[in-house]
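Chain by chain, the residues:
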Amino acid sequence: MDETPLCVCSELLIDGQPVAGQGALETILNPATGEAIARIAEASSEQVGHAIGAAHQAFDGWSRTTPQQRASVLLAIADSIDAQAHSLARLEALNCGKPLHLARQDDLPACADVFRFFAGAVRCQTGQLAGEYLPGYTSWVRRDPVGVVASIAPWNYPLMMAAWKIAPALAAGNTVVFKPSEHTPLSILALAPSLAEHVPPGVLNIVSGGGEGVGNLLVSDPRVRMVSLTGDIVTGQKILQAAARTLKRTHLELGGKAPVIVCDDADLEAVVQGIRTYGYYNAGQDCTAACRIYAQSGIHDRLVSALGTAVASLRFAHKRDADNELGPLISARQRDRVASFVERALGQPHIERVTGAAVHSGPGFYYQPTVLAGCRQQDEIVQREVFGPVVTVTRFDDLAQAVSWANDSEYGLASSVWSGNLDRAMQVAARLQYGCTWVNSHFLLASEMPHGGLKRSGYGKDLSSDSLQDYSVARHIMVHHGQALF
Ligand code: NAD
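As the structure is a computational prediction, the values presented were derived from the model and not from experiment.

Q: Could you clarify how one ought to interpret the sheet that holds strand β13 (residues 290-296) in this entry?
A: Where strands meet in a sheet, backbone hydrogen bonds hold them as pairs that are either parallel or antiparallel. Strand order in the open sheet made by the seven strands is β14-β15-β16-β13-β12-β17-β18, with mixed pairing throughout. Edge positions in the sheet fall to β14 (352-355) and β18 (436-439), since each of these pairs with one other strand and no more. On average, adjacent strands in this sheet sit at an angle of 20° to one another, irrespective of strand direction. As paired strands, strand β12 (residues 258-262) and strand β17 (residues 414-418) are joined by three bridges and run parallel to one another. In the sheet register, Ile 261 faces β17, and the bridge partner there is Val 417. Contacts from helix α14 (residues 422-431) reach β12, β17 and β18, with the element oriented near 170° to β18.

Q: Please explain the side chain of Ser 208 as it appears in this structure.
A: Note that Ser 208 resides in the loop between β9 (204-206) and α7 (211-220). Residue classification places Ser 208 among the buried residues on the basis of a relative accessible area of 3%. In this structure, Ser 208 is in contact with Leu 12, Ile 40, Ala 41, Glu 42, Ala 43, Pro 180, Pro 185 and Val 214, ignoring residues within four places of it in sequence.

Q: Help me understand the side chain of Thr 230 in this model?
A: Turning to its location among the elements, Thr 230 is positioned in strand β10 (residues 224-230). Within the structure, Thr 230 has its side chain in polar contact with the side chain of Lys 165 (distance 2.9 Å). When near neighbours in sequence (up to four residues on either side) are disregarded, Thr 230 contacts Ile 152, Ala 153, Pro 154, Met 161, Lys 165, Glu 253 and Asp 462.

Q: I keep staring at the site of the ligand and nothing clicks. Help me out?
A: Near the ligand lie 30 residues; those nearest to it are Ala 153, Glu 182, Thr 235, Leu 254 and Glu 385. Within the contact set of the ligand, a nitrogen atom lies 3.4 Å away from a side-chain nitrogen or oxygen of Glu 253. At the level of secondary structure, the elements contributing two or more residues to the shell around the ligand comprise α7, β10 and α8 (233-244). Considering every element that reaches the shell around the ligand, the biggest residue donor is α7, with four residues.

Q: Explain the nonpolar core here, please?
A: Taken as a class, soluble globular proteins show a tendency for nonpolar side chains to be buried jointly. Counting residues in hydrophobic clusters, the biggest one holds 118 residues, and the most contacted among them are Ile 81, Phe 115, Phe 178, Ile 188, Leu 218 and Val 262. It is helix α4 (residues 100-121) that contributes the most residues to this core, twelve residues altogether. When neighbours within four sequence positions are excluded, Phe 115 is seen to be in contact with Leu 74, Ile 77, Ala 78, Ile 81, Ala 163, Ile 166 and Ala 167. In this structure, Val 386, Phe 396, Val 403 and Ala 425 belong to the second largest nonpolar core, which totals 27 residues.

Q: Would you mind going over α7 with me for this structure?
A: Residue pairs three or four apart in sequence face the same way in an α-helix, which turns once every 3.6 residues. Among the residues of α7, those classed as buried are Val 214, Gly 215, Leu 218 and Val 219. The buried residues of α7 all sit within an arc of 130° when viewed along its axis, so they share a single face.

Q: Hey, could you run me through the packing of helix α2 (residues 67-83) against α4 in this one?
A: Relative placement of two packed helices is described by the angle separating their axes and the distance separating the axes. Packing of α2 against α4 brings their axes to within 8 Å, and their N-to-C directions diverge by 170°. Here α2 is positioned roughly antiparallel relative to α4, judged by the angle of their axes. For the element pair α2 and α4, the recorded crossing hand is left-handed. The residues of α4 that touch α2, namely those facing Ala 71, Leu 74, Leu 75, Ile 77, Ala 78, Asp 79, Ile 81 and Asp 82, are Leu 108, Cys 111, Ala 112, Phe 115, Arg 116, Phe 118 and Ala 119. Here the residues of the contact of α2 with α4 sort into twelve nonpolar, no polar and three charged.

Cut-offs used in this document
Residues numbered from 1 in each chain as written. Predicted model: local features only at pLDDT ≥ 70, side-chain atom pairs only at ≥ 80, totals over all residues. Heavy atoms only, no water. Pairing = 2+ DSSP bridges. Helix = DSSP H or I, 4+ residues; strand = E, 2+ residues; numbered from the N terminus. Axes fitted to C-alpha atoms, helices over the stretch in contact; angles between N-to-C directions. Contact = heavy atoms within 4.5 Å. Buried < 20%, exposed > 50% of the residue type's maximum accessible area, 1.4 Å probe, protein only. Polar contact = N/O pair within 3.5 Å; in protein donor to acceptor, adjacent residues only side chain to side chain. Near = heavy atom within 4 Å. Core = buried A, V, L, I, M, F, W, Y, C linked by side-chain atoms within 4.5 Å. Arc of directions from axis to C-beta. Parallel < 35°, antiparallel > 145°, perpendicular 65-115°, else oblique. Left-handed = near helix turned anticlockwise from the far one by under 90°. Nonpolar A, V, L, I, M, F, W, Y, C, P; charged D, E, K, R; others polar.

On their own, these measurements won't tell you what the molecule is for.
Have a look at this one:
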């Protein structure tokens, strides 16, 4: 473990300047110990207004830069992330409690890759053909930026969510005011001095603070033309209501409750390994977590037994970082929320505890990795997002029933199907109403591929060139040619 002192930056970025927040002080905790690690002053309402004003001012210049110029800024940001990867990973681990080796190996390279992807993608966009769609007139379509984008992020992958939001918005020519979660501002604030170096003043501003205060100010300001949120459904609904007053565009990435359909002919070992890894990664605080298992009768009992053993072997809360596969929940509140979901579930006579189902004794906000079997479709634990290390198993006989149960959810973000018969798996994949379906896998993302939901999971696409479309608007230019010359 690296013991060199970590520098915790607490300055916001407004109009290219690092500035101390002038709002309320927020205590930042290390969820692995419950101890305070920093006190960060939030942006005051004047500072939020200043940040929006700076973004508004900077829009004219930034929106007229070429894709090549914007790409070079994004590439410089990616290089800065790489250069500081070690300290950023340490901050991420400290602020979220996640294992450092995973933050280093998974989060940081993915953040840099997102900036690099959008640097390339913005230079090779394709679109509709220009042409004469009325005699004597030539039409073509431009894609232009929307304006000032307020980007609001959750706490589960702080820097990665920042990258997903900032990179496509800047690439498309927008200016941005970014708000991290009030629980996890440390990594993006640490990157702010490098951002100030590479991004022209006002083009990217960072203001920290709570949702009801700073977040609400961002969403209500008429100079903000678009709000991008990754967060809870209820937050999405509040933001939609506030945004409606000034008819802002919205880009919403909300929760998930991913169904995992396991057919009798699935490779049991692969399924168990997949759920053990992707049901509990980041302590299940992942909107795509493999948490809602539907197991066909022929494989059900073997799966429950093997999964129980595998999940009980997950390592956490050890002193040595390399020994940990998952971290704690982000807060005592989130841990208690998870615990109360499980308690209510076990209050049902048909639900069986296979493993876990208890708060971990010792410091930090840990909850034991949990498997619950015998769950039924209408149970709260099957229907609602727990956002913790809890996986349910529901038995099914008929594949059509499993597909119908999988789709019977207010969420529509991610899903998977596991079968040794590719025809069967593909037919199930085609019927699932989810933004993503993995076949014989789960969880993996690629910067080139769209990520986003259906139903109440929201409707914005992150990653991929689809995201560039979301952060830009199609404009029709039509030229009248006058008299025909020949
Ligand atoms: P949250 O909704 O509580 O907070 C998200 C962000 O919204 C925070 O920055 C918060 O300060 C801000 N916010 C809260 N109320 C606001 C308001 N009234 N106005 C403006 N901003 C406001 O979510 P969370 O607890 O940080 O994150 C967990 C949730 O995020 C889960 O539901 C999870 O599924 C979802 N999530 C979704 C995705 C996805 O890609 N779909 C990815 C990660 C997390």
